[in-house]
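So you can see what is in the structure, the chains are spelled out below.
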Amino acid sequence: MRKNVTIFILVLFFTHLAVSVVHAHPHSVDVKKIHGRIQYVDAFPDYRVRILTASFADLRVQMVKNFADSPGKWQAVDAFPDYKIQVVTVGEDFTIQYVTSFPGPSK
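About the cut-offs
- Residues numbered from 1 in each chain as written.
- Predicted model: local features only at pLDDT ≥ 70, side-chain atom pairs only at ≥ 80, totals over all residues.
- Heavy atoms only, no water.
- Helix = DSSP H or I, 4+ residues; strand = E, 2+ residues; numbered from the N terminus.
- Buried < 20%, exposed > 50% of the residue type's maximum accessible area, 1.4 Å probe, protein only.
- Contact = heavy atoms within 4.5 Å.
- Areas by Shrake-Rupley, 256 points an atom, 1.4 Å probe, with all protein chains shown as cover.
- Salt bridge = Lys/Arg side-chain N within 4 Å of Asp/Glu carboxyl O.
- Phe/Tyr/Trp six-rings, centres within 6.5 Å; stacked < 30°, edge-to-face > 60°.

Visitor: Before we move on, could you go through the overall build of the chain and cite the residues and values that matter?
Guide: Looking only at helices and strands, one finds one helix and seven strands in the chain. Out of the 107 residues belonging to the chain, those deemed buried represent 27%. For the chain, the proportion of contacts with a sequence separation of at least 24, taken over those separated by at least 6, is 86%. As displayed, the chain offers around 7800 Å² of accessible surface, 62% of which is attributable to carbon and sulfur atoms.

This is the structure we're talking about:
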């Protein structure tokens, strides 16, 4: 009986460990959907991004004043955002690169 309880506890522990590893860094952000009104915040973001200057970013972002209606077009706002973004140096959900033309996900 004691052996069965020990095995059960070990199975629960490793199952919990496996689930937490899978959810530790979900790199499943669909960057094609991130466009529109963006508010930069210091806490409680929807996404954390790291800004790159090289061309290996997940999303190329073009800042616009109007019509941020396609992937990679962002309009910076102070209130009522579609998404809240926090700029970080480590622990990002995805990376961005600011561009002046051809915004969108990297291929």
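Visitor: Mind laying out the pattern of salt bridges, listing which residues take part and the relevant values?
Guide: All chains considered together, the criterion is met by one salt bridge. Note that Arg 50 is salt-bridged to Glu 92, the shortest N-O span being 3.1 Å. Of this pair, Arg 50 sits in strand 2 (residues 47-51) while Glu 92 sits in the loop between strand 5 (83-87) and strand 6 (94-98), and the two are 42 residues apart along the sequence. Using a relative accessible area of 28% as the deciding quantity, one classes Arg 50 as partly exposed.

Visitor: Kindly report on the packing of aromatic side chains, identifying the contributing residues and their values.
Guide: This structure, assessed with the given rule, holds three aromatic pairs. On the basis of an interplanar angle of 55° and a centroid distance of 6.5 Å, the ring pair of Tyr 40 and Trp 74 is categorised as tilted. Linking Tyr 40 in strand 1 (residues 36-40) with Trp 74 in strand 4 (residues 73-76), this pair joins segments that are 34 residues apart in sequence. Residue Trp 74 is classed as buried on the basis of its relative accessible area of 0%. Measuring from ring centre to ring centre gives 5.9 Å for Tyr 47 and Tyr 83, while their planes differ by 45°; the resulting arrangement is tilted. One end of the pair, Tyr 47, is in strand 2; the other, Tyr 83, is in strand 5, and 36 residues separate them in sequence. Chaining the aromatic ring pairs together yields one cluster made of Tyr 47, Tyr 83 and Phe 94.

The values are spatial; any link to function lies outside them.
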